[in-house]
Amino acid sequence: MKFLLMLLWALSTPILANTGVAVQIQARLAAEARAADATFQGFSVQRGEAFYRDRHGDWSCATCHTDHPAKGGRHAVTQKAILPLAPSANPERFTDPKKVEKWFKRNCNDVLNRPCTAREKGDFIAYILTVRP
Amino acid sequence: MKRVWMVGVVWVFALSVWAGEHRYGPYPKLYGQECASCHVVYPPELMTAAGWRQVMQQLGKHYGSDASLDAGPQAEISAFLERQASRRAKHAPTEASARLSRSNWFVHEHGQTPPPKVSFAHCEACHTGAEQMDYSERGLRLPAGYRQRGD
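Quick summary incoming for the structure in this document. All figures in this text were calculated on a predicted structure; none of them were measured in a lab. (Residues numbered from 1 in each chain as written. Chains lettered and ligands numbered in written order. Predicted model: local features only at pLDDT ≥ 70, side-chain atom pairs only at ≥ 80, totals over all residues. Heavy atoms only, no water.)

1. Some points on the side chain of H127(B)
Residues and elements named next belong to chain B.
Piece 1. For H127, the position within the fold is in the segment after α5 (104–110).
Piece 2. Residue H127 is classed as buried on the basis of its relative accessible area, which comes to 13%.
Piece 3. With residues up to four places along the chain from it excluded, the contact list for H127 reads H110, D134, Y135, G139 and L140. (Helix = DSSP H or I, 4+ residues; strand = E, 2+ residues; numbered from the N terminus. Buried < 20%, exposed > 50% of the residue type's maximum accessible area, 1.4 Å probe, protein only. Contact = heavy atoms within 4.5 Å.)

2. Structural notes on helix α2 (residues 45–53) of chain A
Residue pairs spaced three or four apart in an α-helix point in one direction, given the helix's 3.6 residues per turn.
All names here are of chain A.
Piece 1. Residues G48, F51 and Y52 constitute the buried set of α2. Seen end-on, α2 carries its buried residues on one side only, within an arc spanning 100°.
Piece 2. Contacts made by the buried residues of α2 are with α3 (61–65), α4 (97–112) and α5 (118–130).
Piece 3. Of the residues flanking the start of α2, the one acting as N-cap is S44, its side-chain oxygen 3.3 Å from the backbone nitrogen of Q46. (Arc of directions from axis to C-beta. Polar contact = N/O pair within 3.5 Å; in protein donor to acceptor, adjacent residues only side chain to side chain.)

3. With respect to the nonpolar core
Piece 1. The biggest cluster of nonpolar side chains holds 32 residues, and the ones touching the most others in it are Y27(B), Y31(B), Y42(B), W52(B), I77(B) and L81(B).
Piece 2. Looking at this core, the elements with two or more residues in it are α2 (29–35), α3 (49–57), α4 (71–84) and α5 of chain B.
Piece 3. Residue contributions to this core peak at four residues, all from α3(B).
Piece 4. The residues contacting I77(B), other than those within four sequence positions of it, are L30(B), Y31(B), E34(B), C35(B), M56(B) and L69(B).
Piece 5. One finds V21(A), A30(A), A86(A) and I125(A) within the second-largest nonpolar core, a separate group that totals 27 residues. (Core = buried A, V, L, I, M, F, W, Y, C linked by side-chain atoms within 4.5 Å.)

Right under this line is the structure:
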């Protein structure tokens, strides 16, 4: 019994540890979203999924990260392989807030031609955390 | 026994000289971390310092993508690239876009026109060892429809 518990603990820690950082990022984004819009009601998985799939101009997030972000993708210009974006498939994701911000800045600029709002980023993370392999 | 050993050493040495010519790196970890997410690590030795300076000053508008970096890593990588850069004129980019795939050297080796649907920037399309910075002839695999040189 004790062994089973230990095993469960060992298996679950990496997942917990890494959604932990995502949740911290979410908390910061929620504060920003509320500051920008007093009627902000929390993040939405549905809005996040729509944002992920919508084309804004030529590209969507799915263009490089695929229709199902638990799968590996490809860079639209260089064809270079990209590891899966969903933490359920790639535990390295959303473990480093600076890295996450760096890529939001770049990819939002490429796809939307502007920075993403705090709400868009929070919705996107809410969605990506629900994606299962 | 001793002779066999000696022959072995000489052989390995000869091999590494032969292969070494078209192998590059290893490079500082930071360079791989920041400059290899979207494409292979390009060998700094294949472009001049002026070319690299230009690339590093325009990371926000990087061949149609945003590849911007914080000031710290930006400065560190610039310094490394310029230190390691080629000093030969044939490696100078010939267009304002600062592409190492548009130097006289590159065009001489590769011709003007890549095969259909391949970008010359996509080194690993032909150099199967490009991820490991190995550009030796053994690793070459040419896509159909590619006529090198003189086209």
